[in-house]
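Coordinate analysis (summary)
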Amino acid sequence: MVDVQGTVADGFGPVRDAFAANFTRHGERGAAVVLYREGEKVVDLWGGTKTPDGADDYDGGEESDSGEGPDGGEESKGGHEPWTQDTAQVVRSVTKGVAAAVPLLLHQRGQLDLDGRVSAYWPEFKAAGKERVLVRHLLAHRTGVPVLDTPLTPDQAIDGISGPLAVAAQRPVWEPGTAHGYHAQTYSWLLGELVRRVTGRTIGRWIAEEIARPLGLDLWLGLPEEQRGRVGRIAAVEPPAAPASAGPRLRPKRSVAEAYQDPESLTRRAFAAITPVPDENDPAYLAAELPASGGVATAEALARFYAALIGPLPSARTVRSGGRLFAPATLTMARTEESAGPDQVLVVGTRFGLGYMLHGPACPLLGPGSFGHPGRGGSLAFADPEARIGFAYVTNGMRRGVTADPRAQALVRAVRTSLAALEA
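Rules behind the numbers
Residues numbered from 1 in each chain as written. Predicted model: local features only at pLDDT ≥ 70, side-chain atom pairs only at ≥ 80, totals over all residues. Heavy atoms only, no water. Helix = DSSP H or I, 4+ residues; strand = E, 2+ residues; numbered from the N terminus. Buried < 20%, exposed > 50% of the residue type's maximum accessible area, 1.4 Å probe, protein only. Contact = heavy atoms within 4.5 Å. Axes fitted to C-alpha atoms, helices over the stretch in contact; angles between N-to-C directions. Parallel < 35°, antiparallel > 145°, perpendicular 65-115°, else oblique. Nonpolar A, V, L, I, M, F, W, Y, C, P; charged D, E, K, R; others polar. Polar contact = N/O pair within 3.5 Å; in protein donor to acceptor, adjacent residues only side chain to side chain. Salt bridge = Lys/Arg side-chain N within 4 Å of Asp/Glu carboxyl O.

What follows deals with the environment of V135. Along the chain, the position of V135 falls in helix α4 (residues 135–139). The buried category is assigned to V135, whose relative accessible area is 1%. Note: C-alpha distance between V135 and L190 (55 residues apart in sequence) is 9.9 Å. Here V135 is in contact with L112, D113, L114, G116, V118, Y121 and L194, once residues within four sequence places are set aside.

Here it is in structure tokens:
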């Protein structure tokens, strides 16, 4: 049994129970979950170890809505250092939700036109048939550039130059604006370069100066060297074998599984935009600014971030809008559906607002008004303005799949149960 640490407010006991059960039922190794309600922290739990003991070293695998992906690599070297309240973690595509706030805040401040052409800010981007791509297309995964004809090496992916050059030169695989498909890796260079062209700052620096520092968040896009010791090591884990009484395990649809296995599919090519798969525990990777996948954060920081998007935090330092990041109009734009239906990359149906995944079968959140982003392997963070909550779950035990991890979903159900009981 794992000794779960932390506190929950009255009425949120089901969240503690679900968090503890994840270690026995779902093979959790190290994790944390934090919940803010009406600007106040009501759940703060952590447990396990910073390195998944006995698991396979994480080789990056394949991001998959279906649950498909390759096995891990060599056996890890230990894992007995406990997860603590200030342990931070690589959160993969959860980073996209943090990064998406930057262009929305720039628009809110009058510095960026969401209906303007990307090439108005980044002239080189109009090459190869992309002259009509709008900023909102980029945020809603409608740009048509989820793949690179010539993938980048891990070193090129983080050098700050090769990625923007590659996406600017890439010809779209569908007419921009006419369809959507998850830009799993290319989102890093599309969004990062747009922000640099508009502000003169890297997106990691902008987040540090305009979001993380004012809100007191332990959240980095570009991890400082002095913070490395706080970061848990990610590794692939397998869930415990289900008892016979549990019945057969769900399998992905054949079409989805085939898409992840076909090297010529948009699915495989999108996730192979960096080849070979980078070592996400490498200090150089942690120090890079990859807004698609490279963020490092505590669960506390992510929950607090989402709580600040929808309402003021009483303990926050001075920020614009009286402590609230998104003005009401910006919040509406963030969670208004821009893309829905068959995803050209993930194959299943997905829903996106402006940079955020929206509640739906592929990405179940708290309710219809929720918006946020999952990360490959399990982590999840989102806000729900109607319930007035900011939620975050982070883990170092990477399981196959991206949008509906059973550990995260167990916690979301527990939050829903707790809120229903409190409001009864």
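Continuing now.
This paragraph deals with the packing of helix α6 (residues 162–169) against helix α7 (residues 187–199). As a packed pair, α6 and α7 sit with axes 9 Å apart at the nearest point and diverge in direction by 100 degrees. Between α6 and α7, the interaxial angle falls into the category roughly perpendicular. In this structure, α6 contributes G163, P164 and V167 to the contact, and α7 contributes W189, L190 and E193. Of the residues assigned to the contact of α6 with α7, the class counts are four nonpolar, one polar and one charged.

Relative to the elements of secondary structure, D44 occurs in strand β3 (residues 40–48). A residue is classified by how much of its surface remains accessible, and D44, at 8% relative accessible area, is buried. Reaching out from D44, the side chain makes a polar contact with the side chain of Q85 at a distance of 2.8 Å. If sequence neighbours within four positions are ignored, D44 has contacts with Q5, G6, T7, V33, V34 and Q85.

Before going further, it helps to spend a moment on the pattern of salt bridges. If you walk through the whole model with that rule in mind, you get 22 salt bridges. Across the pair R136 and E338 runs a salt bridge whose closest N-O atoms are separated by 2.6 Å. Of the two residues, R136 is situated in helix α4 and E338 in the loop between α13 (328–335) and β9 (339–342); the sequence distance between them amounts to 202 residues. Residue R230 is joined to D218 by a salt bridge in which the shortest nitrogen-to-oxygen separation is 2.9 Å. One end of the pair, R230, is in the loop between β6 (219–220) and β7 (235–236); the other, D218, is in the loop between α8 (203–215) and β6, and 12 residues separate them in sequence. Judged by relative accessible area, which is 31%, D218 ranks as partly exposed. A network of salt bridges, in which partner residues are shared, links R109, R201, R205, E209 and E210.

Backbone torsion omega between T275 and P276 reads 0 degrees, so that peptide bond is classified as cis. Mapped onto the secondary structure, P276 falls in the loop between α10 (266–271) and α11 (283–287). With phi around 75 degrees, V347 is a residue other than glycine that occupies positive phi space. Mapped onto the elements of the fold, V347 is located in the loop between β9 and β10 (349–352). The backbone of R388 sits at a positive phi, close to 60 degrees, despite the residue not being glycine. The class for R388 is partly exposed, based on a relative accessible area of 34%.

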